[in-house]
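Architecture at a glance
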Amino acid sequence: MPDQVPYANPTPAPSLEEIRKSHSSGIFFYISLLAFLLVIAAYGGLIFLNRAQQTAQQEVLAQIDQKRQELRPELVQQIFSLENRFNAMKSLIQKHMFPSRTLAWLEQHTHPRVAFATFAFDSTSRKLALTGTADSLVSLNQQIAIFQQDPDIEKFEFNGLSLKKEAEGAGFNATVIFKPAFLQVTP
């Protein structure tokens, strides 16, 4: 039997599980290859973006240096010095008391028939001590009402009433304590 070929044991047909394993390892390979390529592309993009940002940063720093060189340093120093002096003056003015306001206030709030002979102002206690005369008790009463109605006065004390025998009129002593805001500059 010459036409006969000796029978060789053919490899057994692969099982269904073996077919699945061989195909799944190929799919995982391609998925892994795709993920690797995506990571390399992202890394390259980050490198490109980083270089672009560094270039932009260098350009901005160069512009800042150019502007800094254009400014004269002595003028900048003078501006800061003036600003510091201005802030110091502002704080001094806000804390400063203006006792001369009491004279203008007294002139505006004195009844026409009342005269003040003496007055003393204590700036630490904001107290104005007055000694005066009025032509009548009615005028004196009106003067007291003027002082009591004034919004700049924190406290008003009236004392020492004396009536004159030889002429009509009354002498008196009064103390006015001003509110702190009255003696300060309003911003």
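The sections below set out a description of the structure shown in this document. (Residues numbered from 1 in each chain as written. Predicted model: local features only at pLDDT ≥ 70, side-chain atom pairs only at ≥ 80, totals over all residues. Heavy atoms only, no water.)

Now for helix α3 (residues 101–108). Because the α-helix completes a turn every 3.6 residues, residues three or four places apart line up on one side. Of all the positions in α3, only Thr102, Trp105 and Leu106 are classed as buried. Buried positions in α3, seen along its axis, are confined to an arc of 100 degrees and lie on one side of it. For α3, exposure combined with an orientation more than 90 degrees from the buried face picks out Glu107 and Gln108. Tucked inside the fold, the buried residues of α3 contact β1 (114–122), β2 (127–134), α4 (137–149), β3 (153–163) and β4 (170–178). (Buried < 20%, exposed > 50% of the residue type's maximum accessible area, 1.4 Å probe, protein only. Helix = DSSP H or I, 4+ residues; strand = E, 2+ residues; numbered from the N terminus. Arc of directions from axis to C-beta. Contact = heavy atoms within 4.5 Å.)

This part covers the sheet that holds β2. Across the sheet, 4 strands lie side by side as β1-β2-β4-β3; this open sheet has antiparallel pairing. Bordering the open sheet on either side are β1 and β3, each of which pairs with just one other strand. With strand direction ignored, the average angle separating the axes of adjacent strands in the sheet is 15 degrees. Packing against the sheet, α3 makes contact with β1, β2, β3 and β4, and its axis sits at approximately 160 degrees to β1. Lying on the sheet, α4 is in contact with β1, β2, β3 and β4; it crosses β3 at an angle near 165 degrees. (Pairing = 2+ DSSP bridges. Axes fitted to C-alpha atoms, helices over the stretch in contact; angles between N-to-C directions.)

Moving on, we get to the packing of aromatic side chains. One pass over the full model with this rule turns up 7 aromatic pairs. Judged by centre distance (4.9 Å) and plane angle (90 degrees), the ring pair of Trp105 and Phe178 falls under edge-to-face. One end of the pair, Trp105, is in helix α3; the other, Phe178, is in strand β4, with 73 residues separating them in the sequence. Like Phe178, Trp105 is buried. The rings of Trp105, Phe116, Phe147, Phe156, Phe158, Phe172 and Phe178 are connected pair by pair, giving a single aromatic cluster. (Phe/Tyr/Trp six-rings, centres within 6.5 Å; stacked < 30°, edge-to-face > 60°.)

Right, let's get into the nonpolar core. Formed by 19 residues in total, the largest nonpolar core has its most connected members in Trp105, Phe116, Leu130, Phe147, Phe156 and Val176. Those elements giving two or more residues to this core turn out to be α3, β1, β2, α4, β3 and β4. Sort the elements by how many residues they give to this core and β4 lands first, with 5 residues. Aside from chain neighbours lying at most four places away, what touches Phe156 is Ile144, Phe147, Gln148, Ala174, Thr175 and Val176. (Core = buried A, V, L, I, M, F, W, Y, C linked by side-chain atoms within 4.5 Å.)

Residues Phe29, Tyr30, Leu33, Phe36, Leu37 and Ile40 make up a contiguous nonpolar surface patch of about 640 Å² in total accessible area. In this structure, Tyr30 sits in helix α1 (residues 16–70). (Patch = residues over 30% accessible without salt bridge, like charges linked within 9 Å, V, L, I, M, F, W, Y side chains within 5 Å. Areas by Shrake-Rupley, 256 points an atom, 1.4 Å probe, with all protein chains shown as cover. Salt bridge = Lys/Arg side-chain N within 4 Å of Asp/Glu carboxyl O.)

Pairs can form between side chains of opposite charge once their charged atoms are near each other. Enumeration over the complete set of coordinates arrives at 3 salt bridges. Notably, a salt bridge pairs Asp135 with Arg113, separated by 3.2 Å at the nearest N-O pair. Of the two residues, Asp135 sits in the loop between β2 and α4 while Arg113 sits in the loop between α3 and β1, which places them 22 residues apart along the sequence. According to the relative accessible area criterion, Asp135 is partly exposed, its value standing at 28%.

Checked against the element boundaries, His111 lands in the loop between α3 and β1. At 2.6 Å, the side chain of His111 and the side chain of Gln142 are in polar contact. The contacts of His111, once residues within four sequence positions are left out, are Ser139, Gln142, Gln143 and Ile146. (Polar contact = N/O pair within 3.5 Å; in protein donor to acceptor, adjacent residues only side chain to side chain.)

Looking now at α4. Its 13 residues give α4 an end-to-end C-alpha distance of 18 Å, which sits within 8% of 18 Å, the value for a rise of 1.5 Å per residue. Regarding α4, the residues found buried are Ser139, Leu140, Gln143, Ile144 and Phe147. All buried residues of α4 lie within an arc of 140 degrees about the axis, which places them on one face of the element. Those residues of α4 that are exposed and aimed more than 90 degrees away from the buried face are Val138, Asn141, Gln148 and Gln149. Looking at the packing, one finds that the buried side of α4 touches α3, β1, β2, β3 and β4. (Expected span 1.5 Å × (residues − 1).)

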